[in-house]
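Single-letter residue listing:
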Amino acid sequence: MDALNYTKELVAFESTSNLSNLAVSDYVEATLKTLGFEIERLEYNDAKGVRKANILGRRGQGQGGMAYFAHTDVVPADPWFTDEFGPFTPTLKDDKLFGRGSCDMKGSIACMLAAAKQYIDRDLKHPLYITCTADEEVGYHGARNVAEKSTMYREMVKGETHGIIGEPTRLEVVYAHKGTYGFQVVSHGRAAHSSLSTGINANLAMIPFLVEMKKLYDECMTDPRWQNPEFDPPTNGWNIGINDRTNAVNITPPQSICTVYFRPMPGQEPDELVARARSAAEKCGLEFQFKCGGQPVYTDPDSPFVNEVLQIAGKEKSRTVSYGTDGSLFPEMKNMVVFGPGDIGQAHTHDEFIELEQLELGTQKFAALLEHWCC
């Protein structure tokens, strides 16, 4: 099975987000070239100076067609569930392929490559685009780079190409997902031995701000304005974290850091919540740092596009999910759903795997979509 072989080769590249993904990107680029794709390669340095690459391929000309989106980075594999083999040694057991990224989402990329391979000797009437980004797991930085700089992405938008985000959905059709917003607030103090009065405890200045964040949390959990019954859970989360990074109990904490991460839903105004949090931080004399702002994805579930995907997928009804995808950075794509092999419940786990049946079905369904929109 081509998809199985492709998955094994992709998983063998250790492409954790804090590392460079150039090696796995080279592999994707070389594979696409053998399948007759023209290539657009976009490289950039991440915030820590690590070199990253996005690979876009196009086969066929004209407008419309199909655009498949995926990411090549993976989350860390620590801990891993066995000493028998490592997380980047793809291993087949009990009709499952184990390895970090097998489910999220190198198995999906493999299915798309295997589907494209079936059409290597056929002319396409409409284009097929395959996009593989970096840094999806840590803030969609690769997708942002594509949205801002890619010529092929501009072609997809102009041609109203049919978009598939290949994240794991067990090949259920997902018409909407939540967005991802996050910010950090820092209180600055002064370290000293806690027996003295010369220190300034940063946590004390943070407490009034936390009170305001608790009020916003209560509002988000109870006010229908910040809820959407199409999702489970129907709330945005408003997850509050706190850390003073002080390693001993007898040191006056010189800093206190509050993080808030929430998931807005379609039709909401997340920037209003951010502005209110920023205002609260300023009133408390704290430093406010906006970290990320990915919009929710929504395509009308009654649209002809969604119904086409449902028919090909063999499903009766589309649904929503609460996780985010690179699609948050591609709002100009008018027609886009999340649809891919594997189970999101198996993603990021200590024993990540994808079932061989999902690889086979994923290849079949991607090939059917390719046939429908490109041939």
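The model shown is predicted, which means the values in this text are computed figures rather than measured ones.

Novice: What am I meant to see in helix 4 (residues 141-149) here?
Specialist: Residues three or four positions apart in an α-helix share a direction because the helix packs 3.6 residues into each turn. Three or more residues of helix 4 are buried, namely G142, A143, N145, V146 and A147. Looking at the buried positions of helix 4, the neighbouring elements they touch are strand 1 (38-45), strand 2 (51-59), strand 6 (128-133) and helix 5 (151-158).

Novice: What is the right way to read the environment of E160 from this model?
Specialist: Mapped onto the secondary structure, E160 falls in the loop between helix 5 and strand 7 (162-165). For the pair formed by E160 and P301, sequence separation is 141 residues and the distance between their alpha carbons is 17 Å.

Novice: Just checking my understanding: could you explain the pairing of strand 7 for this structure?
Specialist: Side-chain direction in a regular strand flips from residue to residue, so the side chains alternate between the two faces of the sheet. Residues H162 and I164 point to one face of strand 7 and G163 and I165 to the other, with burial holding for every one of them. The sheet contact formed by strand 3 (residues 66-71) and strand 7 spans 4 bridges and is parallel. Paired with A67 across the two strands is G163, which belongs to strand 7. Of the strand pairs in this sheet, strand 7 and strand 15 (residues 336-338) are connected by 3 bridges, and their pairing is parallel. Paired with I164 across the bridge in strand 15 is V337.

Novice: Before we go on, may I ask you to explain helix 3 (residues 102-117) in this structure?
Specialist: A rise of 1.5 Å per residue sets the reference length of helix 3, with its 16 residues, at 22 Å; its end C-alpha atoms lie only 20 Å apart and thus fall more than 12% short of the reference. Of all 16 residues that make up helix 3, 15 are buried, and the element is covered over most of its length.

Novice: Would you mind showing me how to read the sheet that holds strand 5 (residues 96-98) here?
Specialist: Adjacent strands of a sheet form backbone hydrogen bonds with each other and so pair up, either parallel or antiparallel. A sheet is described by the order of its strands in space; here 3 strands give the open sequence 4-5-16, paired in antiparallel fashion. Edge strands, defined here as strands with exactly one partner in the open sheet, are strand 4 (91-93) and strand 16 (353-355). Averaged over all pairs of adjacent strands, the angle between their axes in this sheet comes to 25°, without regard to strand direction. Examined bridge by bridge, strand 5 and strand 16 share 3 bridges and lie antiparallel to one another. Across the sheet, F98 pairs through a bridge with F353, a residue of strand 16. Across the sheet, helix 3 touches strand 5 and strand 16, and the angle it forms with strand 16 is around 50°. Strands strand 4, strand 5 and strand 16 of the sheet are contacted by helix 9 (residues 356-374), whose axis makes an angle of about 65° with strand 16.

Novice: What is the right way to read the packing of helix 3 against helix 9 from this model?
Specialist: Two quantities define a packed helix pair, namely the angle between the helix axes and the distance between the axes. For the pair helix 3 and helix 9, the least separation of the axes is 8 Å and the interaxial angle reads 50°. Considering the angle they form, helix 3 stands oblique to helix 9. For the pair helix 3 and helix 9, the crossing hand works out as right-handed. Along the contact surface, helix 3 presents G107, S108, C111, M112, A114, A115 and A116, while helix 9 presents Q358, L359, G362, T363, F366, A367 and L370. The class makeup of the residues in the contact of helix 3 with helix 9 is 9 nonpolar, 5 polar and no charged.

Analysis parameters
- Every chain is numbered on its own, with residues counted from 1 as its sequence reads.
- Totals for whole chains, interfaces and linings use all residues, but because this is a predicted model, local features are given only for residues with pLDDT of at least 70 and pairs of side-chain atoms are given and counted only at 80 or more.
- Computation of side-chain values covers all heavy atoms of the structure but excludes hydrogens and water.
- Type-normalised accessible area, obtained with a 1.4 Å probe on protein chains alone, sets the label of each residue: buried when under 20%, exposed when over 50%, and partly exposed for intermediate values.
- Put simply, DSSP H or I for four residues or longer makes a helix, DSSP E for two residues or longer makes a strand, and each gets a number counted from the N terminus.
- Contacts between residues were defined by any pair of non-hydrogen atoms, one from each residue, lying within 4.5 Å.
- For two strands to pair, DSSP has to find at least two bridges joining them.
- An expected span of 1.5 Å times one less than the residue number is assigned to each helix.
- Helix axes use the C-alpha atoms of the stretch in contact, all axes being lines fitted to C-alpha atoms, and the angles between their N-to-C directions lie in the range 0 to 180 degrees.
- In this scheme, roughly parallel covers angles under 35 degrees and roughly antiparallel covers those over 145, while 65 to 115 is roughly perpendicular and the rest are oblique.
- Should the near helix be turned anticlockwise from the far one by less than a right angle, the crossing is left-handed, and should it be turned clockwise, the crossing is right-handed.
- Residue type decides the class: Asp, Glu, Lys and Arg count as charged, Ala, Val, Leu, Ile, Met, Phe, Trp, Tyr, Cys and Pro as nonpolar, and the leftover types, Gly among them, as polar.

In short, geometric facts, not functional conclusions.
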